[in-house]
Amino acid sequence: MEGGAYGAGKAGGAFDPQTFFRQPHTVLRVLSWVFSIVVFGSIVNEGYLNRPDEEEEHCIFNRNHNACNYGITVGVLAFLSCLLYLALDVYFPQISSVKDRKKAVLSDIGVSAFWAFLWFVGFCFLANQWQVSKHENNPLNEGADAARAAITFSFFSIFTWVGQAFLAYQRYRIGADSALFSQDYTDPSQDSGLPYAPYTNEDDATDTVGTYQQPPPVDAFDAETQGYQTQNY
């Protein structure tokens, strides 16, 4: 966006929902939010089962509870992270400090890259445990669709978070328009455009008066005039 700082316009503008939800990074955040719900929701609802001769339920991913716990934990935390940064995106245009905007964009880059890595690890972990799962542990093939959904949307989440990191990096490259934003706070008393003169203490006034020179007396001009002699030719 031209005339703005780090991808947003001048602070104080009105919030436009249509413009907000059409932004690429907002779309990716919403998709990441939905994908995280699918992942942890699938595991919570159908990720635990037991054989007909058992009462205790086990994780559908090769009976490895770490796999289910990882998917649920990453999904829930990603869900909360998406909500947090969606709220930050709404508030971001109201931030008048360029330094604060820069910190927000840098945090967006780091967090998005971190979540992309976690989803990559989760996808590999869940896919591997699902591949080595034994058929005798789930003879009725219960929860298979939920397990595949968790693996699939873990894979999709990698790209949505990578996309968020890339867009945040682009916003960082845009930088700031120094003509509209000030990085440092300026004391109003130091503003040269004020209609009144700055305050001056008494010591300064005394020094100024002390250096003032009186004009020469009028008698000095008279004496010089009287000393002038006219020569006759």
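Residues numbered from 1 in each chain as written. Predicted model: local features only at pLDDT ≥ 70, side-chain atom pairs only at ≥ 80, totals over all residues. Heavy atoms only, no water.

A.B. asks: Explain helix H2 (residues 24-46) here, please?
C.D. replies: Helical periodicity: at 3.6 residues per turn, an α-helix aligns residues three or four positions apart in one direction. Over its 23 residues, H2 runs 33 Å from end to end, which matches the ideal 33 Å to within 8%, given 1.5 Å per residue. Among the residues making up H2, those that are buried are His25, Thr26, Leu28, Arg29, Ser32, Phe35, Ser36, Val39, Phe40, Gly41, Ser42 and Ile43. Turning to H2, the residues buried within the fold contact helix H1 (17-22), strand S1 (48-49), helix H3 (65-91), helix H4 (98-131) and helix H5 (144-174). (Helix = DSSP H or I, 4+ residues; strand = E, 2+ residues; numbered from the N terminus. Expected span 1.5 Å × (residues − 1). Buried < 20%, exposed > 50% of the residue type's maximum accessible area, 1.4 Å probe, protein only. Contact = heavy atoms within 4.5 Å.)

A.B. asks: Hey, could you run me through the packing of H3 against H4 in this one?
C.D. replies: The geometry of a pair of packed helices is captured by two quantities: the angle between their axes and the separation between those axes. In contact at an axis separation of 10 Å, H3 and H4 are set at 155° when each is read in the N-to-C sense. Considered as vectors, H3 and H4 are oriented roughly antiparallel to each other. Along this stretch, H3 crosses H4, giving a crossing that reads as left-handed. Of H4, the residues touching H3 (which contributes Asn66, Ala67, Tyr70, Val74, Gly75, Leu77, Ala78, Ser81, Tyr85 and Leu88) are Ala104, Ser107, Asp108, Val111, Trp115, Leu118, Trp119, Val121, Gly122, Phe125, Leu126 and Gln129. (Axes fitted to C-alpha atoms, helices over the stretch in contact; angles between N-to-C directions. Parallel < 35°, antiparallel > 145°, perpendicular 65-115°, else oblique. Left-handed = near helix turned anticlockwise from the far one by under 90°.)

A.B. asks: I keep staring at the packing of aromatic side chains and nothing clicks. Help me out?
C.D. replies: For any two aromatic rings, the description comes down to two numbers: the centre-to-centre distance and the angle of the planes. Taken as a whole and judged by the stated rule, the model has twelve aromatic pairs. Taken together, a centroid distance of 5.7 Å and an interplanar angle of 25° make the contact between tryptophan 33 and phenylalanine 79 stacked. Taken together, the positions of tryptophan 33 in helix H2 and phenylalanine 79 in helix H3 put the pair 46 residues apart, joining distant regions of the chain. Aromatic pair phenylalanine 35 and phenylalanine 153: ring centres 5.2 Å apart, planes at 55°, arrangement tilted. Here phenylalanine 153 lies in helix H5 and phenylalanine 35 lies in helix H2, a separation of 118 residues in the sequence. An aromatic cluster is built from Phe35, Phe123, Phe153, Phe155, Phe156 and Phe159, whose rings are joined through pairwise contacts. (Phe/Tyr/Trp six-rings, centres within 6.5 Å; stacked < 30°, edge-to-face > 60°.)

A.B. asks: Would you take a moment to explain the pattern of salt bridges for this structure?
C.D. replies: If the charged atoms of two oppositely charged side chains come close together, the side chains can form a pair. In total, this model carries four salt bridges according to the counting rule given. Across the pair arginine 29 and aspartate 89 runs a salt bridge, and its minimum N-O distance is 2.5 Å. Placement of the pair is arginine 29 in helix H2 and aspartate 89 in helix H3, with a sequence separation of 60 residues. Put simply, arginine 171 and aspartate 108 hold a salt bridge, and the shortest N to O gap is 3.6 Å. (Salt bridge = Lys/Arg side-chain N within 4 Å of Asp/Glu carboxyl O.)

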